[in-house]
Amino acid sequence: MSWTVHGDGRHVAAEAIVRPTERLSWPRTVGFGAQHVVAMFGATFLVPVLTGFPPSTTLFFSGVGTMLFLTLNRNRVPSYLGSSFAFIAPILAATASDGMGSALFGIMVTGLLLAAVGLVVNVTGSGWIDTLMPPVVTGAIVALIGFNLGGAATTNFSAAPWIATLTLATICVIAAAFRGMLARLSILVGVVVGYVATALAGDLDFTAVREADWIGLPDFAHPTVTWSVVPMFLPVVLVLVAENVGHVRSVAHLVDDPTINDRTGTALFADGLATSLAGLGGGSATTTYGENIGVMTATRVFSTAAYWVAGAVAILLSLSPKFGALLNTVPAGVLGGVTVALYGLIGLIGVRIWIDNRVDFSQPVNQFPAAAALIIAIGDLTLSWGDMTFTGITLGTIAAIVLYHGMAQLQRLRGPEARAEDDAF
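Below or above, wherever it landed, is the structure these notes cover.

Conventions and cut-offs
Numbering of residues starts from 1 in every chain and runs along the sequence as written. With the structure being a predicted model, the display of local features is reserved for residues of pLDDT at least 70 and the display and counting of side-chain atom pairs for 80 or more, all residues being used for whole-chain, interface and lining totals. The side-chain quantities take in all heavy atoms of the structure and omit both hydrogens and water. Put simply, DSSP marks the helices as runs of H or I at least four residues long and the strands as runs of E at least two long, and each gets a number from the N terminus on. For this measure, only C-alpha atoms enter the radius of gyration; the expected value for a globule follows 2.2 Å times N^0.38, where N is the number of residues. Contacts: residue pairs with any heavy atoms within 4.5 Å of one another. Computed by Shrake-Rupley with a 1.4 Å probe, the accessible areas treat only the displayed protein chains as cover when residues are assessed. For this document, the term salt bridge refers to a Lys or Arg side-chain nitrogen within 4 Å of an Asp or Glu carboxyl oxygen. Burial classification: accessible surface area is computed with a 1.4 Å probe over protein chains only, and a residue below 20% of its type maximum counts as buried, one above 50% as exposed, and the rest as partly exposed. What is meant by a nonpolar core is a set of buried Ala, Val, Leu, Ile, Met, Phe, Trp, Tyr and Cys residues, joined one to another through side-chain atoms within 4.5 Å. What counts as an axis is a line fitted to C-alpha atoms, over the stretch in contact for a helix, and the angles between N-to-C directions run from 0 to 180 degrees. Any angle that is under 35 degrees is reported as roughly parallel, and any over 145 degrees as roughly antiparallel; angles of 65 to 115 degrees are reported as roughly perpendicular and all others as oblique. Throughout, a crossing is termed right-handed when the near helix is turned clockwise from the far one, and left-handed when it is turned anticlockwise from it by less than a right angle. In the scheme used here, Gly and all other residues not listed as nonpolar or charged are polar, with Ala, Val, Leu, Ile, Met, Phe, Trp, Tyr, Cys and Pro taken as nonpolar and Asp, Glu, Lys and Arg as charged. Centre distance within 6.5 Å is the pairing criterion for rings of Phe, Tyr and Trp, where only the six-membered ring of Trp is used; planes under 30 degrees apart are then read as stacked, over 60 as edge-to-face, and the remainder as tilted. For a ring to carry a charge above it, either NZ of a lysine or CZ of an arginine must fall within 6 Å of the ring centroid while also lying within 35 degrees of the normal to the ring plane. Whenever two N or O atoms come within 3.5 Å, that pair is a polar contact, provided that in protein one can donate a hydrogen and the other can accept it, and provided that, for residues adjacent in sequence, both atoms are side-chain atoms. How far a helix is expected to stretch is found by multiplying one less than its residue total by 1.5 Å.

## Concerning the overall build of the protein chain
Thinking step 1. When helices and strands are counted, the protein chain shows 20 helices and 6 strands.
Thinking step 2. Relative to a compact globule of 425 residues, whose C-alpha radius of gyration would be 22 Å, the protein chain shows 22 Å and is just as compact.
Thinking step 3. With respect to the three principal axes, the spread of C-alpha positions in the protein chain is 70 × 55 × 45 Å.
Thinking step 4. In the protein chain, of all internal contacts separated by at least 6 residues, the share reaching a separation of at least 24 is 81%.
Thinking step 5. Summed over its atoms, the accessible surface of the protein chain is roughly 18400 Å², and 66% of this surface lies on carbon and sulfur atoms.

## Quick notes on the pattern of salt bridges
Thinking step 1. Overall, the coordinates contain 4 salt bridges when judged by the stated rule.
Thinking step 2. For Arg 249, the salt bridge goes to Asp 130, with nearest N and O atoms at 3.4 Å. Here the residue Arg 249 occupies a position in helix H12 (residues 230-254), and Asp 130 occupies one in helix H5 (residues 127-132), the gap between them amounting to 119 residues.
Thinking step 3. Asp 130 sits in the partly exposed class, given a relative accessible area of 39%.

## Structural notes on the nonpolar core
Thinking step 1. Grouped together as the largest cluster of nonpolar side chains are 97 residues, with contacts concentrated most on Phe 85, Phe 233, Val 241 and Tyr 343.
Thinking step 2. The greatest single-element share of this core, amounting to 12 residues, is contributed by H12.
Thinking step 3. Contact partners of Phe 85, with chain neighbours within four places excluded, come to Ala 43, Leu 46, Val 47, Leu 50, Leu 149, Tyr 289, Leu 342, Tyr 343 and Ile 346.

## Details of the packing of helix H3 (residues 88-98) against helix H4 (residues 100-124)
Thinking step 1. Packing of H3 against H4 leaves a shortest axis separation of 7 Å and a crossing angle of 140°. One element, H3, and the other, H4, form an angle in the oblique class. Remark: the crossing between H3 and H4 carries right-handed chirality. Within the contact between the two elements, H3 uses Ile 91, Ala 94, Thr 95 and Asp 98 and H4 uses Met 100, Ser 102, Ala 103 and Ile 107.
Thinking step 2. Of the residues that constitute the contact of H3 with H4, the class distribution is 5 nonpolar, 2 polar and 1 charged.

## Looking at the packing of aromatic side chains
For any pair of aromatic rings, the description rests on two quantities: the centre-to-centre distance and the angle between the ring planes.
Thinking step 1. Under the definition given, this model contains 8 aromatic pairs.
Thinking step 2. When the centroid spacing of 4.9 Å and the interplanar angle of 90° are considered together, the rings of Phe 105 and Trp 227 count as edge-to-face. Linking Phe 105 in helix H4 with Trp 227 in the loop between helix H11 (207-211) and H12, this pair joins segments that are 122 residues apart in sequence.
Thinking step 3. Ring pairing ties together the aromatic residues Phe 60, Phe 61 and Phe 220, which thus form one cluster.
Thinking step 4. Its guanidinium or amino end placed over the ring of Trp 214, Lys 322 lies 5.0 Å from that ring's centre, counting from NZ or CZ.

## Concerning the side chain of Ser 79
Thinking step 1. Along the chain, the position of Ser 79 falls in the loop between helix H2 (55-72) and strand E3 (81-83).
Thinking step 2. Given the relative accessible area of 0%, Ser 79 is considered buried.
Thinking step 3. In this structure the side chain of Ser 79 is engaged in a polar contact, spanning 3.5 Å, whose partner is the side chain of His 247.

## Considering the packing of H4 against helix H13 (residues 264-281)
Thinking step 1. Here H4 crosses H13 at 165°, and the two axes come no closer than 7 Å. As judged from the angle between their axes, H4 and H13 are roughly antiparallel. As H4 packs across H13, the resulting crossing turns out to be left-handed.
Thinking step 2. Looking at the contact of H4 with H13 residue by residue, the classes come out as 14 nonpolar, 10 polar and 1 charged.

## Remarks on unusual backbone geometry
Across residues other than glycine, the phi torsion is negative in most instances, and most of the peptide bonds are trans.
Thinking step 1. The phi angle at Asn 75 is positive, at roughly 60°, despite the residue not being glycine.
Thinking step 2. Residue placement: Asn 75 occurs in the loop between H2 and E3.
Thinking step 3. For Asp 380, which is not a glycine, the phi torsion comes out positive at approximately 50°.
Thinking step 4. Along the chain, Asp 380 turns up in the loop between helix H18 (364-378) and strand E5 (383-385).

## Some details on the side chain of Ser 320
Thinking step 1. Looking at where Ser 320 falls in the secondary structure, it is placed in the loop between helix H15 (304-318) and helix H16 (321-327).
Thinking step 2. On the accessibility criterion, Ser 320 (13% relative accessible area) is buried.

## Side note on H15
Thinking step 1. The terminal C-alpha atoms of H15, which comprises 15 residues, lie 21 Å apart, in line with the 21 Å expected from a rise of 1.5 Å per residue.
Thinking step 2. For H15, the capping residue at the N-terminal end is Ser 303, with a side-chain oxygen 3.1 Å from the backbone nitrogen of Ala 305.

## Notes on helix H19 (residues 392-414)
Thinking step 1. For H19, with 23 residues, the first-to-last C-alpha span of 32 Å sits near the 33 Å given by 1.5 Å per residue.
Thinking step 2. Within H19, burial applies to Gly 392, Ile 393, Thr 394, Leu 395, Gly 396, Thr 397, Ala 399, Ala 400, Ile 401, Tyr 404, Ala 408 and Gln 411.

Written out as C-alpha cells, the structure reads:
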C-alpha cells in the first residue's frame with residue numbers, strides 16, 4: 001500500500017508516465033480515481049440493469065474485486081474490475097429457466113475455473129493459451145457473444161422505439177463530434193439523454209426511489225447449486241482469459257515494462273476469485289476494463305493508487321439503496337438504444353482481433369470455424385443432453401475450437417506441398 005511519489009507529485013513531463021508503483025499527490029490521485037469511476041460506470045451499471053441483478057450489489061463487488069485484484073498483483077497491474085458483458089446471455093438464459101440463484105452459481109463456477117487457469121498459467125506459462133485460441137478462434141468467440149445478444153437488444157428497442165432512437169442517435173453524435181473523455185463516455189451520455197426524455201414524457205415511476213433509504217447494505221443473495229446451467233457459462237472462461245491476457249500485455253506495452261507480463265497468471269487468478277466472490281454474494285461477474293486503459297493512455301497516469309480510490313468510491317456508492325433504486329428505473333427504450341450499439345460493438349471487437357492479427361480468410365482453416373461459430377450463435381442453436389442445455393454461445397465456441405484444430409491437423413497431415421497448392425489456388 002505504498003507508492004513512490006512521481007517527481008514533485010504535481011506535474012508529469014510531456015514524455016513521462018506515472019508508473020503503476022508511483023503516484024501523484026493525493027488530491028490529484030483522487031481526481032484520477034474519479035476519472036476511472038466515470039469511465040467504468042456506464043458499462044458496470046448497465047450489466048445488472050440488463051440482467052435484473054441489483055446494481056448496488058454489483059457496484060459493491062466491483063469495488064471489492066478491484067481491491068482484491070490490486071492486492072494479489074502487489075499493485076503492479078493497474079486495472080478496474082467492472083461488470084463483464086460476456087455473462088449477459090448465459091445469465092439471462094439461466095435466470096429464465098432456473099432463477100437468479102442458478103445464474104449466480106454459474107458465475108461462481110466460472111470464476112473458480114478462471115482462477116484455476118490462472119494457477120496453471122503461473123506454473124506453465126501462457127504459451128498454451130495462444131495455441132488453444134489463436135486469433136481466428138479468439139475473434140470468433142468474442143464476436144459471437146456480442147451478436148448472440150442481438151435479439152435481446154431489438155426487443156428492448158421495439159418497446160419504445162422513439163426513445164431508443166434518440167438514445168442511439170445521441171451516442172453516435174457524441175462519439176463522432178467530440179474527442180477525449182466525453183467521446184469515451186458517449187454511452188453514458190446517451191443513457192442520460194434518453195432517461196431525461198423519458199422522464200419529461202412522464203413515463204418513469206420513482207416510487208421505489210422515494211421509498212428507498214439513503215444508506216444501507218446492498219441486496220446480497222446466494223447461489224443455488226444448479227449444474228444444468230454450467231455449460232452455458234463455460235465459454236465465458238475463454239473470453240475472460242483473452243480479456244485478462246490482453247489487458248496485462250497492453251499495460252506492459254504502454255509502460256514499457258515486459259516484466260508485467262509475468263503477472264498474467266496472477267491476474268487471471270485474481271479476476272477468477274473476484275468473479276466467484278461476486279457470484280457467492282449476488283453481484284455480476286467481473287473482468288478487466290478496456291475503458292480504463294483508455295483513460296490511462298490519454299492521461300499517461302498508470303498509478304494503481306488511483307484504482308484504489310475508484311474501488312473505494314464504488315463501494316461507497318453501493319451503500320446507498322436510493323442510488324441503486326434510481327439505477328433500476330432506466331427504461332427499456334433507453335436500454336434498447338444502448339444495447340443495439342453496445343452488443344454490436346462487442347461483436348466488432350472480435351472482428352478487430354481478426355484485423356489486428358491479419359487473419360487470412362482466404363484459407364478454409366480460418367473460414368469455416370469462424371463462419372460456423374457465428375451462425376450457430378446468431379441463430380442461437382440450443383441443444384439439450386439430459387438436464388444439460390447448450391446454448392448458441394456454448395455450441396458456437398465449441399465449433400470454433402474443434403473445427404479449427406481439427407482442420408489444422410488435417411492440413412498438417414497433408415504436408416507443406418498441399419498447403420502451398422492451397423495458397424496458390
